Structures are given as structure tokens and as C-alpha cells.
Amino acid sequence: MALLAVSYLVMISAKLLSFRGSNMSNFFKSCALTTLLFFPLTASWAEISEEQAEAAIKTRQGLLKVVGYYFGPLVGMARGQLEFDGELASSNAEKISQLVQMIPDVFKLDTRENGISSGALDSVWTNTNDFAQKATISSEAAMALSKAASEGKSSFLQALGAAGSSCKGCHEEYRKPCLLYTSPSPRDRQKSRMPSSA
């Protein structure tokens, strides 16, 4: 089952990186249906096996890595490492907005009692309403960034700061301290490194 979970995660990451617009939204629905099959509703969320907890953590980490994949080029443009590309920045920010909406869903399974190391703080599950609200705020900030990027670099930089602040607020309250960095490759505007410890 663990091997199945890893294979499924790889499939999710690959397809998320290739889908666009409404196709991405449709794929999200497919992911949700597959997750229901993988985590049977006959058992309560508290009664999960180590394999299920491990698969849930890998899914969370996979989603956040895809967010990092799209965020990397935006940071590169802001730092002057990459030439500003309004169309690319707008497209990436829109995808980030869609992806961030999924974060509360992939954290619904409480994995704290399974003894598997995770970067998520207990507050994710003890303060779910605020956690979901912060995800919504981050999603809205990313969508605003998408619109701003199409208006020019100055608007993009201002909106990027707001989007970064919304992400930071969530990280500070719901993630254990870790080294987080982004380093987009000049050879590929769509590549970034953003370690995840969800």
C-alpha cells in the first residue's frame, strides 16, 4: 500500500504540472475521489494505519512542493534573477491560488498519533477554522497577484509582497521551524527548490 501511495503522489505531481485552467479544477475532483477510495469512510479519521498516515503526509508534502514549483520563478523575477514575464507570472500565480485552496483538504487527516515525523504543528488540527481561513486568504492574495502581474512589474512586486506575507503568517502559526528557500534555475523559468515538511 505504501508503494501505491508513492506512485499515486508522483502521478498527482506530474499531472498538476501539466494541467491548465478548468482542466486543473477537474483533476482536483478526480484526486478527491481517489483519496476517498484510498481512505475508506468505513473507518473513523482517528483510526488510521501507519501506512495511511504516511500516505497523507506524502500527499501534503507533494502539494506544497508543487506550490513551490510555481512560486520559484516569481521569486526569481522579484530578485532580478529572471527577467520579468507578466504572462508567466500571472499564469503561475493563478495556479498557486488553485493549489492553495486544496491545503485544508489534504490536512484533514490528523496524523499526530501515528508517531511519524511531520513538520505540521498541532495547531493545524486544534484550530482548523483559522487554518482554513488563512488558506483562503493566501489563495485570494495569489489571485490578486495574478491580476497584478498582467498590469506590469511594479504592480506585480507590490502584490507579491502581500502574497508572501499571507504565506508567512500561515507558516509561522502552523509549521515547525525549518530552513525554507527558493532557488529558481536560470535554465528553466519553471523550476524551483522549496523543501516541504508538512
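How each quantity is defined
- Residues numbered from 1 in each chain as written.
- Predicted model: local features only at pLDDT ≥ 70, side-chain atom pairs only at ≥ 80, totals over all residues.
- Heavy atoms only, no water.
- Core = buried A, V, L, I, M, F, W, Y, C linked by side-chain atoms within 4.5 Å.
- Buried < 20%, exposed > 50% of the residue type's maximum accessible area, 1.4 Å probe, protein only.
- Helix = DSSP H or I, 4+ residues; strand = E, 2+ residues; numbered from the N terminus.
- Contact = heavy atoms within 4.5 Å.
- Phe/Tyr/Trp six-rings, centres within 6.5 Å; stacked < 30°, edge-to-face > 60°.
- pLDDT = per-residue confidence, 0-100.

**Some words on the nonpolar core**
Right, on to step 1. By size, the foremost hydrophobic cluster in this structure holds 35 residues, and its most contacted members are Leu74, Ile96, Phe107, Val124, Phe131, Leu145 and Phe156.
Right, on to step 2. Every element with two or more residues in this core is listed here: α3 (50-79), α4 (86-100), α5 (103-106), α6 (123-126), α7 (128-149) and α8 (153-174).
Right, on to step 3. The element contributing the most residues to this core is α3, with eight residues.
Right, on to step 4. For leucine 74, the residues in contact, after removing those within four places along its chain, are Ala89, Asn92, Ala93, Ile96, Leu145, Phe156 and Leu160.

**Structural notes on the packing of aromatic side chains**
Right, on to step 1. Under the defined criterion, the tally for this structure stands at five aromatic pairs.
Right, on to step 2. Summarising the aromatic geometry, the rings of phenylalanine 84 and phenylalanine 156 are spaced 5.2 Å apart at their centres and angled 45 degrees between planes, so their arrangement reads as tilted. Within this pair, whereas phenylalanine 84 is found in the loop between α3 and α4, its partner phenylalanine 156 is found in helix α8, the two being separated by 72 residues in sequence.
Right, on to step 3. Within the aromatic cluster, the residues linked to one another by ring pairs are Phe107, Trp125, Phe131 and Tyr174.

**Here's the deal with the confidence of the model for the protein chain**
Right, on to step 1. For the protein chain, per-residue confidence averages 78 on the pLDDT scale, and residues scoring 70 or more make up 66% of the total.
Right, on to step 2. Within the protein chain, no element has a lower average pLDDT than helix α1 (residues 2-18), which sits at 46, and none a higher one than α4, at 97.
Right, on to step 3. Low pLDDT, under 50, characterises residues 13-17; the predicted model gives this stretch 12 contacts beyond four residues in sequence or across chains.

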